[in-house]
Amino acid sequence: MAAPASTPAALYGRLNRASTRGFLAYVAAAAACAAVLACFVISAADPAANAASNGALRLSSRSTRVWPDLEFNWRLVVATIVGFLGSAFGTVGGVGGGGIFVPLLNLVLGFDTKSAAALSKCMIMGASASSVWYNLQVSHPTKEAPVIDYKLALLFQPMLMLGITIGVELSVVFPYWLITVLIIILFIGTSSRSFYKGILMWKEETRILMETQERDAQSKSDRAANDVVFDPSYAEPLLPQHKPTEKSGLETLWFNLSWKNILVLMTVWSSFLVLQILKNNSQTCSTFYWVINILQIPAAVSVFLWKAMELCRDSRARRMNGNLECVCEASIEWSPAQLIFCAFCGLLGGTVGGLLGSGGGFILGPLLLELGCIPQVASATATFVMMFSSSLSVVEFYFLGRFPLPYAGYLIFISILAGFWGQCLVRKIVHVLKRASLIVFILSSVIFASALTMGVVGTEKSIAMINNHEYMGFLGFCE
């Protein structure tokens, strides 16, 4: 019984063809509800009280810097254990774990919110760097190709960095309760969607494994009758259909490196770093400040359009030649509508990262799965992109003096160990069980845990603001 659809590409490509309109409708409806709620809260506020206390409230919104000493106690032990597990599973899922790190650093260790967000970036950078190093030494599970999709990385990284800038600006204006509501809505939607895709993948993998076992039993029976039958259309979901050429560790590393694309990514990274440093050294809302802000738009859009046009051109050329092979790991036909959607999602992921203090993987990881990437490639590519976005923020925060160096060094060291350990352990489990859906379940669980922790912290802080009769509306950006 032939089953051509059992190949890895067909497996995840078929899941990708499921309509995403329901999820987009959910996001749009949730955003509308949040906007209505914001209008209601603002209209219900006392204008006179707001006008009288606006100056003091603006100062109170800037939290006082709190840096506890690095000393051995129960808080450090709890933070180390939770941070280690969060970094390990966050990088495996390709989401980083900023939604867990910020509440952890704020509630357990006692850092102020801004310092917690800066240290969260340090942890994401350390875990992402070790995960990328690990991924560069492993082969693609289904074909002769790098496990990191550099084309998708170049497509999303510029818009992700631009979105982070937008998110940081919005975090100054948006009230804390509104940020909490928006993030919870978004995280619950993406975690639910990812969990649903994980279930579909698990069922499909179960069916393929059962068919493979039946095939093996039939092959043994035929072999006993001296009539061997092998149907090459079957393929296990995580094992290559055609066994790739064996490579040494160094050969695999060089094969997975794409110096041209890495150079372009480094150029984008350096451009944004220079613009961010110039912006931070300028007066807020001055002409120079806004010029630097606006210059980030052409810097990001130009690289995105270059890679988008290349994907569209290659995809159209292959279709005209009758070649149905995808131009990258995403199993979709690239069109202007698809590229606009990817640009929007990249901006959205960066904006969430800027609001939350994460690397943007909470959107990018599920999005790559939605585009049809297999879980191993989605995780490796999302982590690779997060390494650039988080390291940019870490360098910027270092110049601004946003985090204590002893704590940053300790947390980065823990995250590096956790990232490598998580990748090594989970990838081995996935290979033994032949279930890549485990990566999707980990991704969904980390996002849901982040929604839960952010919900608890946000609700607690919002209740305290209500009890203290603090202003709950939008704040002025230039005040």
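A. Representation of the nonpolar core in the model. In terms of nonpolar packing, the biggest core is built from 82 residues, with Ile 148, Leu 155, Phe 156, Phe 187, Trp 334, Leu 368 and Phe 384 touching the most fellow members. The element that contributes the greatest number of residues to this core is helix H7 (residues 150–173), accounting for eleven residues. Of all hydrophobic cores here, the second largest spans 23 residues; its members include Cys 122, Val 394, Tyr 407 and Ile 412.

B. A look at the pattern of salt bridges. For the coordinates displayed, the defined rule picks out five salt bridges. For Arg 193, the salt bridge goes to Glu 370, with nearest N and O atoms at 2.6 Å. Of this pair, Arg 193 sits in helix H8 (residues 176–224) while Glu 370 sits in helix H13 (residues 361–370), and the two are 177 residues apart along the sequence. You'll find Arg 193 and Glu 370 in the same group, each marked buried. The shortest N-O distance in the salt bridge between Glu 204 and Arg 207 comes to 2.7 Å. Taken together, the positions of Glu 204 and Arg 207, both in helix H8 and three residues apart, correspond to about one turn of that helix. A relative accessible area of 30% means that Arg 207 is categorised as partly exposed. Sharing partners across several salt bridges, the network here consists of Glu 204, Arg 207 and Glu 211.

C. Fine view of empty space enclosed by the protein. Per the stated rule, a full pass over the model turns up two cavities of 30 Å³ or more. For the second largest cavity, the calculated volume is near 40 Å³. Lining the second largest cavity are Gly 93, Leu 369, Pro 375, Ala 378, Ser 379, Ile 439, Val 440 and Leu 443. Those elements giving two or more residues to the lining of the second largest cavity turn out to be helix H14 (375–400) and helix H16 (437–467).

D. Region of interest: the packing of aromatic side chains. For the structure shown, the criterion picks out ten aromatic pairs. Plain terms: the ring middles of Phe 111 and Tyr 407 are 4.9 Å apart, the flat faces sit at 85° to each other, and that makes the pair edge-to-face. You can see Phe 111 sitting in the loop between helix H5 (98–108) and helix H6 (113–135) and its partner Tyr 407 sitting in helix H15 (residues 405–433), a full 296 residues away along the chain. The class of Tyr 407 is buried, set by a relative accessible area of 4%. When the ring centre of Trp 306 is taken as reference, the NZ or CZ atom of Lys 307 above it lies at 4.7 Å. Arg 435 extends its terminal NZ or CZ atom over the ring of Trp 202, reaching a point 3.8 Å from the ring centre.

E. View of the environment of Phe 187. With respect to the helices and strands, Phe 187 occurs in helix H8. Note on Phe 187: relative accessible area 0%, which makes it buried. Spatially, the C-alpha atoms of Phe 187 and Ser 444 are 9.2 Å apart, while their sequence positions differ by 257 residues. Not counting chain neighbours up to four residues away, the residues in contact with Phe 187 comprise Val 352, Leu 356, Phe 362, Ile 447, Ser 450 and Ala 451.

F. Structural view of the packing of H15 against H16. Relative orientation of the contacting elements H15 and H16 amounts to 140°, with a least axis distance of 9 Å. Classified by the angle their axes make, H15 and H16 are oblique. Seen from H15, the contacting residues are Val 426, Arg 427, Ile 429, Val 430 and Leu 433; seen from H16, they are Leu 438, Ile 439 and Ile 442. Grouping the constituent residues of the contact of H15 with H16 by class yields seven nonpolar, no polar and one charged.

G. Focus on unusual backbone geometry. Backbone geometry places Cys 285, a non-glycine residue, at a positive phi of 70°. Mapped onto the secondary structure, Cys 285 falls in the loop between helix H10 (259–280) and helix H11 (287–320). For Cys 285, a relative accessible area of 21% translates into the label partly exposed. Phi angles above zero are rare outside glycine, and Lys 434 is one such case at about 60°.

H. Just H6, in detail. The end-to-end C-alpha distance of H6, which contains 23 residues, comes to 32 Å, matching closely the 33 Å that a straight helix rising 1.5 Å per residue would cover. Within H6, 19 of the 23 residues are buried, which leaves the element mostly enclosed by the surrounding structure. Between the side-chain oxygen at the start of H6 and the backbone nitrogen of Lys 114 there is a gap of 3.3 Å, and the oxygen is on Asp 112.

Each value, and the rule that gives it
- All chains use their own residue numbering, which begins from 1 and follows the written sequence.
- In keeping with the model being predicted, local features are shown solely for residues with a pLDDT of at least 70 and side-chain atom pairs are shown and tallied solely at 80 or more, while totals for entire chains, interfaces and linings include all residues.
- Side-chain descriptors were evaluated using all non-hydrogen atoms of the structure, hydrogens and water having been removed beforehand.
- What we call a nonpolar core is a set of buried Ala, Val, Leu, Ile, Met, Phe, Trp, Tyr and Cys residues that are connected through their side-chain atoms within 4.5 Å.
- For every residue, the accessible area (1.4 Å probe, protein chains only) is compared with the maximum for its type, and the residue is labelled buried under 20%, exposed over 50%, or partly exposed between those bounds.
- What counts as a helix is a DSSP run of H or I of at least four residues, what counts as a strand is a run of E of at least two, and both are numbered from the N terminus.
- Each reported salt bridge corresponds to a side-chain nitrogen of Lys or Arg within 4 Å of a carboxyl oxygen of Asp or Glu.
- Using only the protein atoms, space was sampled on a 1 Å grid; points where a 1.4 Å probe fits but cannot get out form cavities, open sets with protein on both sides within 12 Å along at least five of seven lines form pockets, and lining residues are those with an atom within 4 Å of a point.
- Grid points are joined across faces, edges and corners, and a volume is the space filled by probe spheres set on the points.
- For Phe, Tyr and Trp, where Trp contributes only its six-membered ring, two rings pair if their centres lie within 6.5 Å, and the inter-plane angle classes them as stacked under 30 degrees, edge-to-face over 60, or tilted in between.
- Placement of a positive charge over a ring is assigned whenever Lys NZ or Arg CZ falls within 6 Å of the ring centre and within 35 degrees of the normal to the ring plane.
- Should any heavy atoms of two residues lie within 4.5 Å, those residues are considered in contact.
- Where helices are involved, their axes are fitted lines through C-alpha atoms of the stretch in contact, as for all axes, and angles between N-to-C directions lie from 0 to 180°.
- Comment on the angle field: the value is read as roughly parallel under 35 degrees, roughly antiparallel over 145, roughly perpendicular from 65 to 115, and oblique elsewhere.
- Note that Gly is not counted as nonpolar here; it falls among the polar residues with everything else outside the nonpolar set of Ala, Val, Leu, Ile, Met, Phe, Trp, Tyr, Cys and Pro and the charged set of Asp, Glu, Lys and Arg.
- Given the number of residues in a helix, its expected span is that number minus one, multiplied by 1.5 Å.
- Residues adjacent in sequence count toward polar contacts only when both atoms are side-chain atoms; beyond that, a polar contact is any pair of N or O atoms within 3.5 Å, and within protein one must be able to donate a hydrogen and the other to accept it.

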